[in-house]
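Below, each chain spelled out in residue letters.
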Amino acid sequence: MNPAKSEVTRRRFLGTSVAAAAVAAAGRLPRAAAGEQAKASPRKTVLSFYCDDTSPYVAGAKAFQTFLDYCAEHKIAGESTAILGSGGHSMCRKPDDEEQAYLRQVTRAWKCGIDTHMELMTHAGLFDFDANRPPKDAKHEGLWLYEPEVTVEQYQRYLGGIIAEGERAGVKFTGLTWPGCGCEVCARRYAELRAGGHKDPNPALWTALLNLAKEGKFRGRTVPCFFGSSETEFGIHRKASEGACGVYDLMPNARDAFGIWENNPARVDPDYYITADGKSGIVVRHVAAGAPYCIWYAHWQGLNPAKGVGWRAFTTVIDRIGKHLGDRVVWMRPSEITERYHAAGGWGFLDLK
Ligand SMILES: [Zn+2]
Ligand SMILES: [Zn+2]
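Residues numbered from 1 in each chain as written. Chains lettered and ligands numbered in written order. Predicted model: local features only at pLDDT ≥ 70, side-chain atom pairs only at ≥ 80, totals over all residues.

Q: Looking at this structure, I do not really get the overall build of the protein chain. What am I missing?
A: Of the regular secondary structure elements, the protein chain holds 13 helices and 10 strands. Counting over 353 residues, the protein chain shows a buried share of 52%. Considering only contacts within the protein chain whose residues lie at least 6 apart along the sequence, 80% involve residues at least 24 apart. (Helix = DSSP H or I, 4+ residues; strand = E, 2+ residues; numbered from the N terminus. Buried ≥ 20, exposed ≤ 12 C-beta atoms within 10 Å, placed from the backbone. Contact = placed C-beta atoms within 7 Å.)

Quick look at the structure:
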């Protein structure tokens, strides 16, 4: 309804070309042979999720608290972004009561099993940290991650600025989620970049993230990122690495059927994940195929417990997974997945003892 809002919350713009290119570059995941039964698979499947567009402006701080309480109580794990400048200013400088209450919950997310990714600073125009606002007509952040002229230093300074805003409020980021955008300016420029062969983010971004990880600016030594997604051509892709530090694109392999950014009831379907009898759905299929993980993505507009049309479906899916797949799956936040994958040099840590 609100064009500005739908513009900034839109993702999946680049579609499958990103996913396909990433897989071609980094190789496919080892998959169990088709038709193999779940019980024959020698490993558990990791479950996780990303929740985009989280802020106090969508549903209030209390809704985020309820979400975190639920995650802690049910011992599930995933990620929920914090977009510290999505209100047009840094909420960490002079927070109002609602912003303050939200920030308190964000600092609590980790111990409830939930990672905190930056979805950059505003999910819209590049932020001016001196002026505490984005200048009018600023280039959009998501697009900027693909611009080939940007240097490692420029990325590092900007992302370091977001991390410093978080530190004002005690927020420690775990990783980065690409803020998708379908506005006219971005759409035109993405098409130009694609035509010029620039289908992937600027590699300087990965180096900048690695440098920040080496400086201890992220919560862990590895940095999970969320760019493309695909139900079939998914994978974890190492983008930069040095010693104990690494930057990974950890692709979701299940989509948002919890109402998406439109908070749209027509886009809610718990059976997409797992049916009531536990016999079908994408989570069941990934587990049966012996996939190392099943990660879905969602949006706070649809998922939140206050106004989200997808909240009931979300809790239904968690209940069904517990009932039917409990011994076949293990919940992990994205940063734990990349930490363990990096330390083990692969998925060997999932092998059942
Ligand atoms: Zn988003
Ligand atoms: Zn845009």
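Q: I'm lost on the sheet that holds strand β6 (residues 222–226) in this one. Help?
A: Within a beta sheet, neighbouring strands are joined by backbone hydrogen bonds and run either parallel or antiparallel to one another. Within the open sheet, the 5 strands sit side by side as β4-β5-β6-β8-β7. Their pairing is mixed. Of all the strands in the sheet, the pair left with one neighbour each is β4 (117–118) and β7 (236–242). Where β7 and strand β8 (residues 245–250) come together, 6 bridges link them in antiparallel fashion. Opposite Arg238, over in β8, you have Tyr248 as the bridge partner. Running over the sheet, helix α13 (residues 334–344) touches β5 (175–177), β6, β7 and β8 and is turned about 125° from β6. (Pairing = 2+ DSSP bridges. Axes fitted to C-alpha atoms, helices over the stretch in contact; angles between N-to-C directions.)

Q: Is there a simple way to explain unusual backbone geometry in this structure?
A: A negative phi holds for most residues other than glycine; trans holds for most peptide bonds. For Lys75, which is not glycine, the phi torsion reads 55° and is therefore positive. Residue position: Lys75 is located in the loop between α4 (61–74) and β2 (78–80). Look at Lys75 and you get exposed, because 11 C-beta atoms sit within 10 Å.

Q: Teacher, can you tell me more about the environment of Ile274 here?
A: Structurally, Ile274 is set in the loop between β8 and α10 (282–288). Spatially, the C-alpha atom of Ile274 lies 7.2 Å from that of Ile321, the residues being 47 residues apart in sequence. Excluding residues that lie within four positions of it along the chain, Ile274 makes contacts with Gly281, Val283, Val284, Val317, Arg320, Ile321 and His324.

Q: Would you explain helix α7 (residues 152–168) in this entry?
A: Residues three or four positions apart in an α-helix share a direction because the helix packs 3.6 residues into each turn. Helix length check: α7 (17 residues) gives 24 Å between terminal C-alpha atoms against 24 Å at 1.5 Å per residue, within 8%. Where α7 is buried, its residues meet β4 and α9 (203–214). Positive phi shows up at Gly170, right after α7, with a value of about 80°. (Expected span 1.5 Å × (residues − 1).)

Q: Could you clarify how one ought to interpret the nonpolar core in this entry?
A: Most often, soluble globular proteins have nonpolar side chains that are buried together. Judged by nonpolar contacts, the single largest core of 96 residues is most densely connected at Leu209 and Val283. Setting aside anything within four residues of it in sequence, one finds Leu209 in contact with Leu176, Val223, Ala240 and Val247. (Core = buried A, V, L, I, M, F, W, Y, C linked by C-beta atoms within 7 Å.)

Q: It is not clear to me how the packing of α7 against α9 should be interpreted in this structure. Could you clarify?
A: Each pair of packed helices can be summarised by the angle the axes make with each other and by the distance between the axes. In the contact formed by α7 and α9, the axes pass within 8 Å of each other and the chain directions differ by 50°. Comparing the axis directions of α7 and α9 gives the class oblique. Judged by the sense of rotation from one axis to the other, the crossing of α7 with α9 is right-handed. Each of Val152, Tyr155, Gln156, Leu159, Gly160 and Ile163 in α7 lies in contact with α9, whose residues at this interface are Ala204, Leu205, Thr207, Ala208, Asn211 and Leu212. Class assignment for the residues of the contact of α7 with α9 results in 8 nonpolar, 4 polar and no charged. (Parallel < 35°, antiparallel > 145°, perpendicular 65-115°, else oblique. Left-handed = near helix turned anticlockwise from the far one by under 90°. Nonpolar A, V, L, I, M, F, W, Y, C, P; charged D, E, K, R; others polar.)

Q: Honestly, the confidence of the model for the protein chain in this entry has me stumped. Any pointers?
A: Low pLDDT means the predicted atomic positions in that stretch should not be read closely. Across the protein chain, the average pLDDT comes to 90, with 88% of residues at 70 or higher. The low-confidence segment residues 1–41, where pLDDT is below 50, has 62 contacts with residues more than four positions distant or belonging to other chains. (pLDDT = per-residue confidence, 0-100.)

Q: Would you explain the pairing of strand β9 (residues 293–299) in this entry?
A: Both faces of the sheet carry side chains from a regular strand, because those side chains alternate between them. In terms of burial, β9 is a largely internal element, 7 of the 7 residues being buried. Both faces of β9 are covered, namely the face carrying Tyr293, Ile295, Tyr297 and His299 and the face carrying Cys294, Trp296 and Ala298. In this sheet, β9 lies alongside strand β1 (residues 45–52) in parallel orientation, the contact comprising 7 bridges. Following the sheet pairing, Val46 is matched in β9 by Tyr293.

Q: What is the right way to look at the pairing of β6 in this model?
A: The buried count for β6 comes to 5 of 5 residues, which makes it a mostly enclosed element. Going residue by residue along β6, you find Thr222, Pro224 and Phe226 tucked away on one face and Val223 and Cys225 tucked away on the opposite face as well. As paired strands, β5 and β6 are joined by 2 bridges and run parallel to one another. Directly across from Leu176, in β6, lies its bridge partner Cys225. Bridging between β6 and β8 involves 4 bridges; their strand directions are parallel. Among the inter-strand pairings, Val223 is bridged to a residue of β8, identified as Val247.

Q: When you look at the packing of α4 against helix α5 (residues 97–109) in this model, what are you seeing that I'm missing?
A: The geometry of α4 relative to α5 is characterised by a closest axis approach of 8 Å and an angle of 15° between their N-to-C directions. In terms of their interaxial angle, α4 and α5 are classed as roughly parallel. For the element pair α4 and α5, the recorded crossing hand is left-handed. Across the interface between the two elements, Ala61, Phe64, Gln65 and Leu68 of α4 pack against Glu98, Ala101, Tyr102, Gln105, Arg108 and Ala109 of α5. Classifying every residue of the contact of α4 with α5 by side-chain character gives 6 nonpolar, 2 polar and 2 charged.

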